[in-house]
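Examining the three-dimensional arrangement
Residues per chain are reported as follows:
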Amino acid sequence: MPFVLLYLVVEIVAVVALGSLIGFWPTVLVLLAGSFLGLLLARREGVRAAQAMAEAARTRRVATNEATDGMLVAVGGLLLFVPGLVTDVLGLLLLLPPTRALVRRRLVRSAEEANPGLRTARIRSEGVVVDAEVVEPDTAAAGPRRGGGAPMVIEGTVVDER
């Protein structure tokens with residue numbers, strides 16, 4: 001309950017401050033233009049995020065950035081539906097790719113600090129994928145090896161090189 005009251009106070013102070021600075025009708029226009037622009041941006045960025053997720057699935061990549069972008073676009077769109085100047089500004093900032101990238105890096109870093117396995121999965125997903133199988137070396141044709149013995153032979157093909 002205290003957060004709702006704090007939200008109301010912040011929004012009222014912001015709207016009154018903007019209204020006293022530029023006037024009543026320009027403030028109304030700013031609020032309407034921000035919501036309209038935000039809805040257009042939310043639609044465009046939502047489609048981009050969905051296409052990026054589909055591309056990641058098609059290329060069999062871990063879609064960390066794409067999923068986080070989709071989530072941030074959804075939060076930005078939700079903030080645009082909540083009435084108020086401050087929430088509109090925050091929603092618009094989340095819909096802009098440069099600020100969304102900053103927030104995404106911060107979210108991913110904090111999630112990886114909380115769960116180190118996520119960092120390992122992300123690092124492994126960014127490497128070259130090789131479909132291979134270890135073949136027993138032919139001891140008669142093998143040359144010298146550092147540790148002694150025959151060299152290890154790996155036959156394979158690169159499946160996905162990024």
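Given the structure is predicted, the values throughout are model-derived calculations rather than measurements. (Residues numbered from 1 in each chain as written. Predicted model: local features only at pLDDT ≥ 70, side-chain atom pairs only at ≥ 80, totals over all residues. Heavy atoms only, no water.)

**A short note on the nonpolar core**
Across soluble globular proteins, you tend to see nonpolar side chains buried next to one another. The cut-off we apply is this: Nine residue types can take part in a nonpolar core, namely buried Ala, Val, Leu, Ile, Met, Phe, Trp, Tyr and Cys, and a core is a set of them joined through side-chain atoms within 4.5 Å. The classification of residues rests on relative accessible area computed with a 1.4 Å probe and restricted to protein chains. Under 20% of the type maximum is buried, over 50% is exposed, and intermediate values are partly exposed. Segments assigned H or I by DSSP are reported as helices when at least four residues long, segments assigned E as strands when at least two residues long, and all are numbered from the N terminus. Contact definition: two residues touch when any of their heavy atoms are within 4.5 Å.
In terms of nonpolar packing, the biggest core is built from six residues, these being Leu41, Ala42, Val73, Leu80, Leu92 and Leu95. When residues of this core are traced back to their parent elements, those giving at least two are α2 (24-58), α3 (64-81) and α4 (85-95). When residues no more than four places from it in sequence are discounted, the contact partners of Leu41 are Gly46, Leu92, Leu95 and Leu96.

**Considering the packing of α3 against α4**
Rules: Axis definition: a line fitted to C-alpha atoms, limited for helices to the stretch in contact. Angles are taken between N-to-C directions and run from 0 to 180 degrees. Each angle receives one of four descriptions, namely roughly parallel if under 35 degrees, roughly antiparallel if over 145, roughly perpendicular if within 65 to 115, and oblique otherwise. It is the rotation of the near helix from the far one that decides the hand of a crossing: anticlockwise by less than a right angle makes it left-handed, clockwise makes it right-handed. Polarity classes work like this: nonpolar for Ala, Val, Leu, Ile, Met, Phe, Trp, Tyr, Cys and Pro, charged for Asp, Glu, Lys and Arg, and polar for all others, with Gly in that last group.
Taken N-terminus to C-terminus, the directions of α3 and α4 make an angle of 155°; their axes are 8 Å apart at the nearest point. Classified by the angle their axes make, α3 and α4 are roughly antiparallel. In this structure, the crossing between α3 and α4 has a hand that is left-handed. Residues Leu72, Val73, Val75, Gly76, Gly77, Leu79 and Leu80 of α3 lie in contact with α4, whose contacting residues are Thr87, Asp88, Leu90, Gly91, Leu92, Leu94 and Leu95. Among the residues making up the contact of α3 with α4, the classes are represented as nine nonpolar, four polar and one charged.

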